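# Topology and contacts: notes
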There are 2 protein chains.
Amino acid sequence: MVGTIYRIQELLNAGEGYIGQTVTVAGWARTVRDQKNLCFIELNDGTSFGGLQIVVEDKIANFEQVAKTKYRIFTQSDRKHCKESCQRIIDRNAFVIIGQADPEEYPMAKGVQKPETLRQKAHLRPRGNFFSAVTRIRNNLAYATHVFFQNNGCLYIHTPIITGSDCEGAGEMFRISTIFDNDVSKIPQIKGKVDTTQDFFKKEVNLTVSGQLQVEHFCISMSNVYTFGPTFRAEKAHTHRHLAEFWMIEPEFAFADLFDNMEAAEGYVKFCINYILQNNMDDLQFLDKRVKPGLIDYLKDIVSKDFVRCSYTQGIDILLKAQQAGAKFENSDIKWGMDLNSEHERFIAEKVFQRPVFLYDYPKEIKAFYMKVTDDGKCVRAMDMLIPQVGELIGGSQREERYDVLAQRIKECGLKLEDYGPYMDLRKYGTVPHCGFGLGFERLVMMVTGVENIRDVIPFPRYHGSAEF
Amino acid sequence: MVGTIYRIQELLNAGEGYIGQTVTVAGWARTVRDQKNLCFIELNDGTSFGGLQIVVEDKIANFEQVAKTKYRIFTQSDRKHCKESCQRIIDRNAFVIIGQADPEEYPMAKGVQKPETLRQKAHLRPRGNFFSAVTRIRNNLAYATHVFFQNNGCLYIHTPIITGSDCEGAGEMFRISTIFDNDVSKIPQIKGKVDTTQDFFKKEVNLTVSGQLQVEHFCISMSNVYTFGPTFRAEKAHTHRHLAEFWMIEPEFAFADLFDNMEAAEGYVKFCINYILQNNMDDLQFLDKRVKPGLIDYLKDIVSKDFVRCSYTQGIDILLKAQQAGAKFENSDIKWGMDLNSEHERFIAEKVFQRPVFLYDYPKEIKAFYMKVTDDGKCVRAMDMLIPQVGELIGGSQREERYDVLAQRIKECGLKLEDYGPYMDLRKYGTVPHCGFGLGFERLVMMVTGVENIRDVIPFPRYHGSAEF
């Protein structure tokens, strides 16, 4: 509590706890219904899905003013708590109107609006049921993330956003500069080439695409660590699953192998879902009704089942047998070595196992250089967590901790060993087995809220052609 | 716990809890002392300041190998827990050396090293006592931040990093682009001007300097909110208190005034310090001994006292009287309307009140446009939290919620009203009193650890001319 105002969530959660007490609440009136000598107000302060029902009697001094306001007045008042979710004004001067919104001018239409429409008014959309429910769930998923990793002894490491390394290799990057001027003649140049030594960092720098390499530095000294911060991809994809700026969670565990990694990832996802089931049931009920029918059962189903561990090789066998038995795939050219499409991943999770599945030990040709090579030399110890109706939610791997093997893989992948000096040092001085995974936070929010478009689960979405507000 | 490895912190904290049990631990050997038939190893896994003392007897199979390793071997073993912080190897094959570091090559010298030296090896510095202590405290301060705001009903809002608005006005900004090419002829141009419509966001965008304006959007609908994320300043200051990339905490409270704001800020700082006093005493003892003598008493003193509330006008009076009584200031031209220097702020906190002080109600000419104008029209409801030995730790204000007054202030400050459309909408539709503050997270870490240079409290510091690792 900040100041002396009671939050509506607290009153609603207290059940009969506040009956008979006088408290001050404040919020925004969602509806005002005027009935002769009474006026009914639904007051919402954003702390919970449901608002507080307030009964205003005509003996209060400003009854006329309160009652004639159409809707969306913004109020603060002392009132007596009568029963759960209902308040009765008891003092003549108790009801204060702080601000009003002219209903003629107010840009937010009453009733249900399309997410596309709301996105155009990103500064006002948390006032509606849909986006405030998403915001409360997003908040609790972020908090649950910290609680889970802290409870499991992981240290939160702030890996850098500005990176001088262009060798993270996870996608197109944004360049950062202080010498990029709209007047081209003002850009410091030497014979038509930008003089990068005059830039702020005296070299070319970019926005990070992943904190993994840097968080590994801390793993190989502090054991278990994680990052949770913004990451960037300058990809022009206009899909419902991509953003140019999004938040990523990347834990890294020392003295742990790929199966420990799966256990941690499963534990994390279940912890998050359970946290929302316990703390946001009102929001989920709304989303279940309006956004994704069956959402609550879907989430309960995920947490109730053990996630399957299935090797990539087994996965290919399963797909081939299914194909022989008549299953149809858009990409029907299924063979060992292929990169699975979303349809294949979802088939395995939804149709075959009907629960989340870890697919692991992928052909090394389709995975990143830093993943640990298996004994037969064909695969790397990578894992993807596949979720029914979602597809891949988490990707991770055991890291290659052997100096020589890693050096070899860097060469094989066409990268330069000298770009990875600090990273190689970790293998040179006191190397240990370690593993980790990465999770796009918005993907988790989408799964838990049932929202289909990633632009509707982040406060101010950034994507190709759009950086508004 | 991830996997089956016990963390050393857990064993040390358990007191006698694990006596007689066999557990597996893993970590990096800080020292190995060889004594005839015995070998003593101090094993550290980064989870606590103190390591685990391990006694290895010569009956284990690889005793020779273990004993002859100079130092910094990296071990994993099954051993019996004998008494607090001491382990005895019980199984012949129990001690496994995973990786080694050649002491001749290892870049980290034994013994105390200067912070400047460690900074050059940022990827290895968490292996030493100094930076691992700072890292553990930084982690706990970040977590305490979330716990405090969540416990007080504040929602965590991820405000955007990439911003299309250049009107935040808090400092020099970094530009972000995908069309900035080192070959100047490849930059899309129209008559010598960069064609910004061809850039990724189809306009000029920058890295954020503050999430305040955007988090206010959420405050005026969800009540209490906060941001905690990276912010950027392209300032070439080479001081021990400035970074180009740093993390900021910015809470915003609805239906709250400047005094509520002070209460929240005081509560927050005390909560953080108490959290560290309770959870990081070993780290603090080391820092007290090696970095800032008296650190623990200093922190205990801060949390034990009520912070003072003193208006700017009173502050000026106090300084003038002190000057008349003989106090010397480098800037001796003290008068109402001036911007106080650090020496003045510290004098008030250290000499006059000997505790943290909120200075509030500053002349509007020296503060930002969005702060609420006082009734006499001379001041704004701004506050600074001044801390002995530190100076300003927190700055905040009540926000101007009156549309007309805010519009007037924007004009007075030479800004354009049309740049603040969404921000003005908040005052147009259901405005409420609200306030908030901002805190550079690294400043908090510096205060709590006693570390003097901000580059030594962040994993990978970014500043003018440097974006390494």
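An account of the accompanying structure is given in this report. (Residues numbered from 1 in each chain as written. Chains lettered and ligands numbered in written order. Predicted model: local features only at pLDDT ≥ 70, side-chain atom pairs only at ≥ 80, totals over all residues. Heavy atoms only, no water.)

### Observations regarding the packing of helix α11 (residues 403–412) of chain B against helix α12 (residues 421–428) of chain B
The relative placement of two packed helices comes down to the angle between their axes together with the axis-to-axis distance. All names here are of chain B. Filter applied, for reference: Throughout, an axis means a line fitted to C-alpha atoms (over the contacting stretch in the case of helices), and angles, computed between N-to-C directions, take values from 0 to 180 degrees. By the criteria applied, helices consist of DSSP H or I runs no shorter than four residues and strands consist of E runs no shorter than two, each listed in order from the N terminus. Here the angle decides the label: under 35 degrees means roughly parallel, over 145 means roughly antiparallel, 65 to 115 means roughly perpendicular, and every other value means oblique. Whether two residues are in contact is decided by their heavy atoms: any pair within 4.5 Å suffices. Think of it as three bins: nonpolar holds Ala, Val, Leu, Ile, Met, Phe, Trp, Tyr, Cys and Pro, charged holds Asp, Glu, Lys and Arg, and polar takes everything else, Gly as well.
α12 packs onto α11 with a crossing angle of 155° between their chain directions and a minimal axis gap of 9 Å. Judged by the angle between their axes, α11 and α12 are roughly antiparallel. Along its contact with α11, which presents Tyr403, Leu406, Ala407 and Ile410, the element α12 presents Tyr423, Met424, Arg427 and Lys428. For the contact of α11 with α12, the residue count by class is six nonpolar, no polar and two charged.

### Details of the sheet that holds strand β17 (residues 379–387) of chain A
All names here are of chain A. To keep things clear, this is the line we draw: Any two strands with at least two DSSP-identified bridges between them are counted as paired.
One open sheet holds the eight strands; their spatial order is β7-β13-β14-β19-β18-β17-β16-β15, and the pairing between them is mixed. One side of each edge strand has no neighbouring strand; the edge strands of this open sheet are β7 (155–156) and β15 (308–311). Where strand β16 (residues 357–363) lies against β17, six bridges are found, and the strand directions are antiparallel. Note that in β17 the partner of Tyr362 across the bridge is Val380. Where helix α9 (residues 312–324) meets the sheet, its contacts fall on β15 and β16, and the angle it forms with β15 comes to roughly 85°.

### With respect to the interface of chain B and chain A
In many analyses, interface size is given as the accessible surface area lost on bringing the parts together. Here is the rule: Defined in terms of a 1.4 Å probe, buried area is the accessible area two parts forfeit on being brought together, summed over both. Any carboxyl oxygen of Asp or Glu within 4 Å of a side-chain nitrogen of Lys or Arg constitutes a salt bridge here. Nitrogen and oxygen atoms within 3.5 Å of one another constitute a polar contact, given that in protein one can donate a hydrogen and the other can accept it, and given that sequence-neighbouring residues count only through two side-chain atoms.
With 120 residues of chain B at the contact, the number on the chain A side is 121 residues. Interface area, chain B with chain A, both sides summed: about 10,200 Å², of which 65% is carbon and sulfur. Area buried by chain B at its contact with chain A is led by His158, Phe180 and Phe200 of chain B, which between them contribute 8% of it. Counting across the chain B and chain A interface gives six salt bridges. Scanning the region where chain B abuts chain A turns up 41 residue pairs in polar contact (both at pLDDT 80 or more). Looking at the side of chain B that touches chain A, the element that brings in the most residues is helix α4 (residues 129–151) of chain B, giving twelve residues. Classifying every residue of the side of chain B that touches chain A by side-chain character gives 60 nonpolar, 37 polar and 23 charged.

### Regarding the pattern of salt bridges
Residue and element names in this part refer to chain A. Counted by the stated rule, this structure contains 44 salt bridges over all chains. Across the pair Asp301 and Lys305 runs a salt bridge, and its minimum N-O distance is 3.2 Å. Residues joined in a network through salt bridges with shared partners are Glu216, Glu252, Arg399 and Arg427.

### Quick notes on the relation of the copies chain B and chain A
Inclusion rule: In superposing the copies, a least-squares fit is computed on C-alpha atoms, taking residues whose pLDDT is at least 70 in both.
The transform that puts chain B on chain A rotates by 180° and translates by 0.0 Å along the axis, for an RMSD of 0.0 Å. When the rotation and shift are considered jointly, the pair of chain copies conforms to a two-fold rotation axis. No C-alpha of chain B approaches the rotation axis more nearly than that of Ile176 of chain B, which lies at 2.3 Å. Comparing contact sets, 100% of the residues at the interface of chain B also lie at the interface in chain A, consistent with an isologous, same-surface contact.

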